[in-house]
Amino acid sequence: MTEIRTEKQEVPESLLTCQPSPVPPEGDSQRQVAYFIIDLYEAGEDCRAKLGAVRKVVREEQD
């Protein structure tokens, strides 16, 4: 007799929180704006990478 069991995959807590968005610069120097853009990109990339990892866990659970 074959027994089929399903187990729920747990998503690690570290994948459920994204890096916060940076605070916009007070001044308007090109350097401040450039660093802000870099920090903003890094925060977005952090969230995209974590979403990809969560997507992988969820899809493995469905297979």
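Structure: above.
Residues numbered from 1 in each chain as written. Predicted model: local features only at pLDDT ≥ 70, side-chain atom pairs only at ≥ 80, totals over all residues. Heavy atoms only, no water.

Trainee: Just to check I follow, could you spell out the overall build of the protein chain for this structure?
Mentor: In terms of regular secondary structure, the protein chain is built from one helix and zero strands. A globule of 63 residues ought to have a C-alpha radius of gyration of about 11 Å, yet the protein chain, at 19 Å, is considerably larger. Referenced to the eigenvectors of the C-alpha coordinate spread, the extents of the protein chain come out at roughly 70 × 15 × 10 Å. Within the protein chain, the fraction of its 63 residues that count as buried is 10%. Contacts in the protein chain between residues far apart in sequence, at least 24 positions, make up 59% of those at least 6 positions apart. Averaging the coordinates of the 8 positive side-chain charges in the protein chain and doing the same for the 13 negative ones gives two points 4 Å apart. (Helix = DSSP H or I, 4+ residues; strand = E, 2+ residues; numbered from the N terminus. Rg over C-alpha atoms; globule rule 2.2 N^0.38 Å. Buried < 20%, exposed > 50% of the residue type's maximum accessible area, 1.4 Å probe, protein only. Contact = heavy atoms within 4.5 Å. Lys, Arg positive; Asp, Glu negative; His and termini not counted. Charge placed at Lys NZ, Arg CZ, Asp CG, Glu CD.)

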